[in-house]
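Chain by chain, the residues run as shown.
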Amino acid sequence: KIKMESSSAMPRVFKLYEELEKGEKGLGDQSISYGLTHAGDQTFTDWNGTIVGPANTNFDSRIYFLEIVCGEDYPSLPPKVKFTSKINLDCVNADNGEIIISKFDIMKNWDSSYSMEKILTGLRERMANSTNKSKPQPAEGDMY
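Residues numbered from 1 in each chain as written. Predicted model: local features only at pLDDT ≥ 70, side-chain atom pairs only at ≥ 80, totals over all residues. Heavy atoms only, no water.

*Asks:* Describe the overall build of the chain, with residues and values.
*Replies:* On a plain count of helices and strands, the chain comes out with three helices and four strands. Along its sequence from the N terminus, the chain presents helices and strands in the succession α-β-β-β-β-α-α. Expected size for 144 residues packed as a compact globule is a radius of gyration near 15 Å; at 16 Å, the chain falls within 12% of this value. Referenced to the eigenvectors of the C-alpha coordinate spread, the extents of the chain come out at roughly 55 × 30 × 25 Å. A burial count over the chain gives 38% of its 144 residues as buried. (Helix = DSSP H or I, 4+ residues; strand = E, 2+ residues; numbered from the N terminus. Rg over C-alpha atoms; globule rule 2.2 N^0.38 Å. Buried < 20%, exposed > 50% of the residue type's maximum accessible area, 1.4 Å probe, protein only.)

*Asks:* Explain the nonpolar core to me, and be specific about the residues and the numbers.
*Replies:* Grouped together as the largest cluster of nonpolar side chains are 30 residues, with contacts concentrated most on W47, F83, L89 and L123. The set of elements that each furnish at least two residues to this core consists of α1 (2-25), β1 (32-36), β2 (46-52), β3 (63-69), β4 (80-83), α2 (105-108) and α3 (116-128). The element best represented in this core is α3, accounting for five residues. Look past the residues within four positions of L123 in its chain and what remains in contact with it is I51, L66, V81, F83, L89, C91, I99 and F104. (Core = buried A, V, L, I, M, F, W, Y, C linked by side-chain atoms within 4.5 Å. Contact = heavy atoms within 4.5 Å.)

*Asks:* For α3, give the residues involved together with the corresponding values.
*Replies:* Along its 13 residues, α3 runs 19 Å from first to last C-alpha, staying within 8% of the 18 Å computed at 1.5 Å per residue. What α3 keeps buried is the set M116, E117, I119, L120, T121, G122, L123, R126 and M127. (Expected span 1.5 Å × (residues − 1).)

*Asks:* Provide a residue-level description of the state of the cysteines, including the pertinent values.
*Replies:* Counting across every chain of the model gives zero disulfides. You can see C70 has no disulfide; the closest cysteine sulfur is in C91, sitting 18 Å from it. Under the relative-accessibility criterion, C91 is labelled buried at 0%. (Disulfide = S-S within 2.5 Å.)

*Asks:* Which residues make up the pairing of β2, and what values go with them?
*Replies:* The two faces of a sheet get side chains in turn, since along a regular strand they alternate between them. The pairing of β1 with β2 spans five bridges and is antiparallel. Each residue of the ladder has a partner; that of L36, found in β2, is W47. Judged from the seven bridges that link them, β2 and β3 form a sheet pairing that is antiparallel. Residue G49 lies in a different strand from β3, and its bridge partner there is L66. (Pairing = 2+ DSSP bridges.)

*Asks:* Requested: an account of the packing of aromatic side chains, with residues and values cited.
*Replies:* Scanning all chains against the criterion turns up five aromatic pairs. When the ring of Y17 is compared with that of F44, the centres are 6.4 Å apart and the planes differ by 90°; the resulting orientation is edge-to-face. In this pair, Y17 is assigned in helix α1 and F44 in the loop between β1 and β2, connecting sequence segments 27 residues apart. Of the residues examined, Y17 reaches a relative accessible area of 43% and is grouped as partly exposed. An aromatic cluster is defined as three or more aromatic residues linked by ring pairs; in this entry it consists of F59, Y64 and F83. Over the face of the ring belonging to Y114 we find K118, whose NZ or CZ atom lies 4.8 Å from the ring centre. (Phe/Tyr/Trp six-rings, centres within 6.5 Å; stacked < 30°, edge-to-face > 60°. Lys NZ or Arg CZ within 6 Å of the ring centre and 35° of its normal.)

*Asks:* Break down the sheet that holds β2 for me, with residues and values.
*Replies:* One open sheet accounts for four strands, arranged β1-β2-β3-β4; its pairing is antiparallel. Sheet topology places β1 and β4 at the edges, where each strand pairs with a single neighbour. The mean angle between the axes of side-by-side strands here comes to 20°, regardless of whether they run parallel or antiparallel. Helix-sheet contacts for α3 involve β1, β2, β3 and β4, and the interaxial angle to β1 is about 145°. (Axes fitted to C-alpha atoms, helices over the stretch in contact; angles between N-to-C directions.)

Here it is in structure tokens:
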């Protein structure tokens, strides 16, 4: 039984290690970044992310900071994602910066093959869509 439990925990660690390597090496989309909050976190639980606002939008030339928590059930369940930079986006709770899962398809229709990179690039794409790109934004540097 112990062997079964440890083998079921391995895919989470392997997936998160792969994500860490990709994030640290800067592979993929250069307008987003992510990594462990604490370099020594061997549980791979607490992460931070950044999104560079897309050009020709009200998010342009701004860097948005996020907290990402990959619980024990990740990647079977999506991580908890929260903006720490204040943002006016239709899938974000304006009071606390948390992603509203029901309003963000990537998390609403979560698949275990998805990643933190997919979430961050999806949020960046959401900033650029016609619903959000012209929304007035809080002052740069305002935090939740």
